[in-house]
Structures are given as C-alpha cells and as structure tokens.
Amino acid sequence: MATNGNQQVTDAQEHEDQTKSASKQGTRVFKKSSPNGKITCYLGKRDFVDHITHIDPIDGVVLIDPDYLKDRKVYAHVLAAFRYGREDLDVLGLTFRKDLYLASMQVYPADAAQQRPPTRLQERLIKKLGANAYPFYFQLPSYAPASVTLQPAPGDTGKPCGVDYELKTYVGETMEEKPHKRNSVRLAIRKVMYAPEHPGPQPSDDVTKDFMMSPGPLHLEASLDKGMYYHGESIAVNVQVTNNSNKTVKKIKITVRQFADICLFSTAQYKCTVAELESEDGFPLAPCSTMSKVYYVTPLLANNTDKRGLALDGKLKHEDTNLASSTIMNESLQKENLGIIVKYTVKVRLIVAYGSDVSVELPFTLTHPKPPESPPPSRPVSVALHAVNPDSNQHAAAVDTNLIELDATFEEGQVYADQNDDIIFEDFARLRLQGTECDDADA
C-alpha cells in the first residue's frame, strides 16, 4: 500500500511539472531570410485581426548585415492589392492588379520622423538578436480590406486571384528603387475579421402567394435560430407552411448561397451555392393542410473544393483556409476600398405543382469566433519602464497582454525585455500547390 501511495505522489508531481513546463512555452516568432542571407525579417504572427474598433499593428524587426549594406538603406512596405488576373498575363506594363493600400517606411538607418517606442515583442527580439536588429511598425487603417482568395479551377497554376497582403523588406538606394530578389524578403500575411460583440437580430421572413381560381393563399414562413454562425456550424432553418390554396406543394429546397461583390471599376456580383438540401419528407402537401419542421444545413469548403471563383479566407498555405467570412461593413467605408464584399443568405423554396414556386431569403453572418480580448496595440516597453518609479516604489496596477501570449508578470525592478522565457523561431511555410512551384511571396 505504501508503495502505491508513493507512486501516486510521484505521478502527481510529474503531472504538475509537465503542466508548469507547458505553461512556460516560448513565444513563437516567424522568420524569413533573403536568398543571400544578408537581411532576415522577424514577425510575431501572420494573421492580423480587425477588432472593428482597432486593427492589430504589424510590428517586427529586421536583422541586417551592416558590412553588406555599405551606404545603402533598408526599407519595409505593406501592400494590399486585388489581383484579378494571372501574373503571367502581365505584359507591356499592364498588370491585372489594383492596389488598395500601400504604406512604406525606412528601417535602416532609422528615420527620426518615423521612430516610435518599440513594442514588447520588438524589445525582446532586439535584446536577443543584438544591435543589428531594427524595428518596423505599420498600423493598418480602418478601411483596409480583409484577405479574400477566389478559389482557382483544379488545373489553374500560379497565384490565385483575390485580395492579399504582402510585407516586403529590401535593400536599396531609395524607397522607389525596384528590389532585387537576392536581398529582399517577401512575406504573405493576412488581415482577418472575427465575430462582432453584438450579433444582429434573428433573421425571419414570410411570403403569401395567391393563385388564380384558388380559394385561399399559400403562406410560407421561415426563420433561422440566430443571425451569426461560426465556420463549420450547422444552420437550423425553421419552416412553417400553411396551404389554403388548391395547389399541391411537391417538395422543399433549401440552399445556402454565397454572394461576392467584386468592387473594381464597376461592381459585379457573383453567387455560388455552398450548401443544399432537398426534401420530400412530409410532402406532397395537399390543399388545406399545414406543415412545420426544422431543417439543418452546414456550409463547408470541403464540399465545394471544385467550384471555381468561390470566395475563401485568404490563403497562407493550401490547407489552412475556409469559406470567406462575411464582410462586416461600417457606414463610413467605401465599397471600392474593400475589393471583395462577401455576404451569405439561406433561400427556402417551395416547389409547387402546376404553379409558380414560393421562396424567401434570410441573410446571416458567417465568421470566426472572437479570440480572447487583447489591448489595441502592443504596449511599448517604455510604458513599463515609466511604470516602475524607483523614487516612489509605485508600480502600474495592471500589465497588458497581447495575442502572442507573452508572460505578463514581472518582479520588482524587472521589465519585459529582461524576461527569460524562450523565443521559438519558426520559418515561414511556403505555399506549395500540387504540380506548381511557389513564388517567394507565397511564404
């Protein structure tokens, strides 16, 4: 019995040690080097979230080789562009691309006009990488579009059409100079949007159809159980039919449709069915009878991989995407700045024998669940330095955390840059589609 008791204590201690070590995991940082290895870009994440009230800043550092640069400079820029044609068709200066947002800055030597206090991640990276690491920082505006990819056909090659973001760091004499591949780094990043805090009302609609020589109408009422769904979640459609006409309802058809408004020089709308259900259970519905039932449909990319032009959340790798999230519009935003606007509806249609069909459409929002709350931008280390006053021994009451899970606790007199938790560097994964070679930007 004593042996078993000791064994249980040992097992409990091992489990506690494993739990502690798991909680002390290092911070994951993505990196990518230029082909000649002279500059390396470090970034804390690849997905930047639009919280509606603010957008996550794009902050990182560039590690340079000063001996290689000589009198040249290092620049960084972020470009959001809508590509609506294949790159191999770009000839004679004509490109099938519309730039939606562009921001640039000089990283090295640091431009005093563009300098700002380094974020917590930047402080830690500079401390770890040394004096040749220089920070960059971009704050996307509220009108910046979300990343959306249009699904290519099975035989298509090259970069897919859609709205994508690219972070580029390069060596050059001037900011306008065309970068060389050998001393530049191109990173594909995404801007994503999560669920709003206050979802809209429960969608519902009804329609009444009169038929010639019929004693009464055919009434259809449909509603959804809520107005916002997460990717992969089933949609419950409540249908009630009252048939006071002399017509027979043969069956019911329910479809989930995606509408993509392509906002270029003029607006064009494309629609695609992403889920479909057809039922004859309880049908035919004879005259002077009623029916009430709940149907379930689930829109999934896995069931629509062969549909060309279907809007998807922007790709970083071929396996990490899903149907495009609904575009959440602010009244102040202009459609032309968004590139692609995505909406979803559920259409309920009654197939009537010897008569015109009856249908209603219910709009809903398809999105990702909102992650744990984080502060607007990453708090600079200088704030933490000022929070510790050696004269008064007063400390800030609270310490912020951000999306990259940094340890938010510190001892007296210790600031973020002095923390000893590890930084785990991970190479940017490249986009590799079967039968195609990836471009350096697709990483």
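This is a predicted model, so every value here is computed, not measured. (Residues numbered from 1 in each chain as written. Predicted model: local features only at pLDDT ≥ 70, side-chain atom pairs only at ≥ 80, totals over all residues. Heavy atoms only, no water.)

### Details of the overall build of the protein chain
Okay, step 1: If you tally the helices and strands in the protein chain, you get 4 helices and 21 strands.
Okay, step 2: Taken across its 443 residues, the protein chain has 44% of its residues classed as buried.
Okay, step 3: Considering only contacts in the protein chain between residues 6 or more positions apart, those separated by 24 or more positions represent 69%.
Okay, step 4: Carbon and sulfur atoms form 49% of the exposed surface of the protein chain, whose accessible area is close to 23000 Å². (Helix = DSSP H or I, 4+ residues; strand = E, 2+ residues; numbered from the N terminus. Buried < 20%, exposed > 50% of the residue type's maximum accessible area, 1.4 Å probe, protein only. Contact = heavy atoms within 4.5 Å. Areas by Shrake-Rupley, 256 points an atom, 1.4 Å probe, with all protein chains shown as cover.)

### What about the pattern of salt bridges?
Okay, step 1: Taken as a whole and assessed by the stated rule, the structure comprises 13 salt bridges.
Okay, step 2: Ionic pairing is found between E166 and R186, a salt bridge with its closest N-O pair at 3.0 Å. On the criterion of sequence distance, the pair formed by E166 in strand 9 (residues 162-172) and R186 in strand 10 (residues 184-193) is long-range, its members being 20 residues apart.
Okay, step 3: Its relative accessible area of 9% is what places E166 among the buried residues.
Okay, step 4: Salt-bridge contacts for R349 lead to D357; the nearest nitrogen and oxygen are separated by 2.7 Å.
Okay, step 5: By relative accessible area, which is 31% here, R349 ends up partly exposed.
Okay, step 6: Among the ionic contacts, a cluster of salt bridges with common partners joins E166, K168 and R186. (Salt bridge = Lys/Arg side-chain N within 4 Å of Asp/Glu carboxyl O.)

### Quick look at helix 3 (residues 120-129)
Okay, step 1: Every buried residue belonging to helix 3 is among R120, L121, Q122, R124 and L125, and all of these are buried.
Okay, step 2: Residue G130 follows helix 3 closely and has a positive phi angle near 105 degrees.

### Here's the deal with the pairing of strand 1 (residues 27-33)
Okay, step 1: Bridge count between strand 1 and strand 21 (residues 423-427): 5 bridges; the pairing is parallel. Across the sheet, the residue bridging to V29 is F425, located in strand 21.
Okay, step 2: Summarising the sheet, strand 1 and strand 2 (residues 39-43) pair through 4 bridges and their orientation is antiparallel. What sits directly across from F30, in strand 2, is L43.
Okay, step 3: Between the antiparallel neighbours strand 1 and strand 2 lie 5 residues, among them G37 with a positive phi of about 75 degrees. (Pairing = 2+ DSSP bridges.)

### Details of the sheet that holds strand 21
Okay, step 1: What the 5 strands build is an open sheet, ordered 7-4-2-1-21; its pairing is mixed. Strand pairing shows two members of the sheet lacking a second neighbour, strand 7 (133-138) and strand 21, which therefore form its edges. Across this sheet, the average inter-strand angle for adjacent strands is 30 degrees, counted without regard to direction.
Okay, step 2: Packing of helix 3 onto the sheet brings it into contact with strand 1, strand 2, strand 4 (58-64), strand 7 and strand 21, and relative to strand 4 it is tilted by some 15 degrees. (Axes fitted to C-alpha atoms, helices over the stretch in contact; angles between N-to-C directions.)

### A closer look at the nonpolar core
Okay, step 1: Counting residues in each nonpolar core, the largest one holds 48 residues, and the members touching the most others are I235, V237, V239, I340, V346, V348 and F364.
Okay, step 2: When residues in this core are grouped by element, the largest group, 7 residues, is from strand 19 (residues 340-352).
Okay, step 3: Apart from residues no more than four positions distant in its own chain, V237 is found in contact with S223, L224, I254, K293, V294, Y295, V297, V346 and V348. (Core = buried A, V, L, I, M, F, W, Y, C linked by side-chain atoms within 4.5 Å.)

### Quick word on the pairing of strand 4
Okay, step 1: The element strand 4 is largely enclosed, with a buried count of 6 among its 7 residues.
Okay, step 2: Summarising the sheet, strand 2 and strand 4 pair through 5 bridges and their orientation is antiparallel. Residue pairing in the sheet places L43 in a bridge with G60 of strand 4.
Okay, step 3: With 6 bridges connecting them, strand 4 and strand 7 associate as antiparallel partners. Paired with D59 across the bridge in strand 7 is Y137.

Don't take any of this as a statement about function, it's just geometry.
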